Amino acid sequence: MNDWIRHLETQGLVRAAENEWHFGEVLSQARVPLSSTAIAPLPQYSIMEIAGLDAERFLQGQTSAQVTLADGEFAPLTAFCSPKGRVLANGQLMRVDETRYWLLLDIGVADPLHAHLAKYAPFYKVEITQPATRIFGVVGEDAAAQVEAQLDVTAPAAWAMAQNEATVILHHPGPTPRFMVVAPEDAALSAWKALEGIATPVGNAVWRLQDIQAGLAWLGDAQRDSYLPQMINWEALGGISFRKGCYTGQEVVARAHFRGQVKKRLLRAQLENDTLPAQGTPVHDANGKSQGDVVCAALNADGKAEVLAIITQRDEPRELNVDGVPLKRLALPYAIERVDPESMSLQA
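The text that follows walks through the structure, step by step, so that each part is easy to find. (Residues numbered from 1 in each chain as written. Predicted model: local features only at pLDDT ≥ 70, side-chain atom pairs only at ≥ 80, totals over all residues. Heavy atoms only, no water.)

A few points about helix α4 (residues 110-118)
Here α4 has its buried residues at Ala 110, Leu 113, His 116 and Leu 117. Projected onto a plane normal to the axis of α4, the buried residues spread over an arc of 130 degrees and lie on a single side. In the core, the buried residues of α4 are packed alongside β4 (45-51), α3 (55-60), β5 (77-81), β6 (87-97), β7 (100-106) and β8 (127-129). (Buried < 20%, exposed > 50% of the residue type's maximum accessible area, 1.4 Å probe, protein only. Helix = DSSP H or I, 4+ residues; strand = E, 2+ residues; numbered from the N terminus. Arc of directions from axis to C-beta. Contact = heavy atoms within 4.5 Å.)

Considerations on the packing of helix α5 (residues 143-151) against helix α6 (residues 185-196)
Where α5 meets α6, the closest approach of the two axes is 10 Å, and the angle between their N-to-C directions is 120 degrees. Relative to α6, α5 is oriented oblique. The chirality of how α5 crosses α6 is right-handed. Packed against α5, whose contacting residues are Gln 146, Gln 150 and Leu 151, the element α6 presents Ala 191, Ala 194 and Leu 195 at the interface. (Axes fitted to C-alpha atoms, helices over the stretch in contact; angles between N-to-C directions. Parallel < 35°, antiparallel > 145°, perpendicular 65-115°, else oblique. Left-handed = near helix turned anticlockwise from the far one by under 90°.)

Some words on the sheet that holds β6
Strand order in the open sheet formed by five strands is β5-β6-β7-β4-β8, and the pairing between neighbours is antiparallel. The sheet is open, and its two edges are formed by β5 and β8, each paired on a single side. For this sheet, the mean angle separating the axes of adjacent strands, direction not counted, is 30 degrees. Summarising the sheet, β6 and β7 pair through six bridges and their orientation is antiparallel. (Pairing = 2+ DSSP bridges.)

Focus on the packing of aromatic side chains
Per the stated rule, a full pass over the model turns up eight aromatic pairs. Arranged with centres 5.3 Å apart and planes meeting at 70 degrees, the rings of Phe 58 and Tyr 124 form a pair that is edge-to-face. Linking Phe 58 in helix α3 with Tyr 124 in the loop between α4 and β8, this pair joins segments that are 66 residues apart in sequence. For Phe 58, a relative accessible area of 1% corresponds to the buried category. Geometrically, the ring pair formed by Phe 136 and Trp 192 is edge-to-face, given 5.2 Å between the ring centres and 80 degrees between the ring planes. In this pair, Phe 136 is assigned in strand β9 (residues 133-139) and Trp 192 in helix α6, connecting sequence segments 56 residues apart. (Phe/Tyr/Trp six-rings, centres within 6.5 Å; stacked < 30°, edge-to-face > 60°.)

Quick look at the structure:
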């Protein structure tokens, strides 16, 4: 057992499943960021490192991001696609030094993406690894102040990064201010200990709820190679550059955008019960016909299940349900329109 797990277990960590960790009753944990600062381990994410003299050029031909925008301050969202434009993995790209990048992504797609990229790596001076890092979140109205005070960095703007030696701080949008700490295990443990005196440990479902309420979907292995990036609203979040040159799947992604041929979209909704549907659970209409699939789910502070689902677009309104439970549509916090990452980088 490593020091990270050992220390979290002294604080009451329970590993309910491989990537589901909590610190007691789940519903009460969802309420913590509403009144105080919370810290949450995030085992659902992984880091991939792409390093070498050709790292920028290699990534530029593989990913939807304009890689030059990842400059150590702005950390753009991105997607890696198949030749048919389907998302193999979506993530966030960080430049941690001149020839080294970190990619944040769902842990379920880390190994498949590594295998996919390894096919092209021999043609470049790059090395692709999965470094031993730990990731945790800081959530609450005072999160920015606590990050600055305890970790000795200036809190970055949304989708930007700050770096203190080997530790990277990311700012993700959401209903409550929140920051992600990414670091090698020893540095991550030191950062956690610096914050634990003023913050309450909560489970990673609290962060997942924030992702859902932010309309931010991370595709896992079960939904890999299934959706265009626009189907997870990636262009509305600045995750696709339409100004860069070719990358794998670019022609299909661009055609879908400019011809308006996106047949499915990400939907935010609530179920009127406390049962969490598993990833990939079908969403049906009143006639029992499948209209899409659940991407992720988490309990909110009222004990209701909130979900993100990818749903077939229809002009007419429809009643939808998951396992017979009505799905109540909720507003997304952004408009479904193209946002260029080039303009976002100027604000970082």
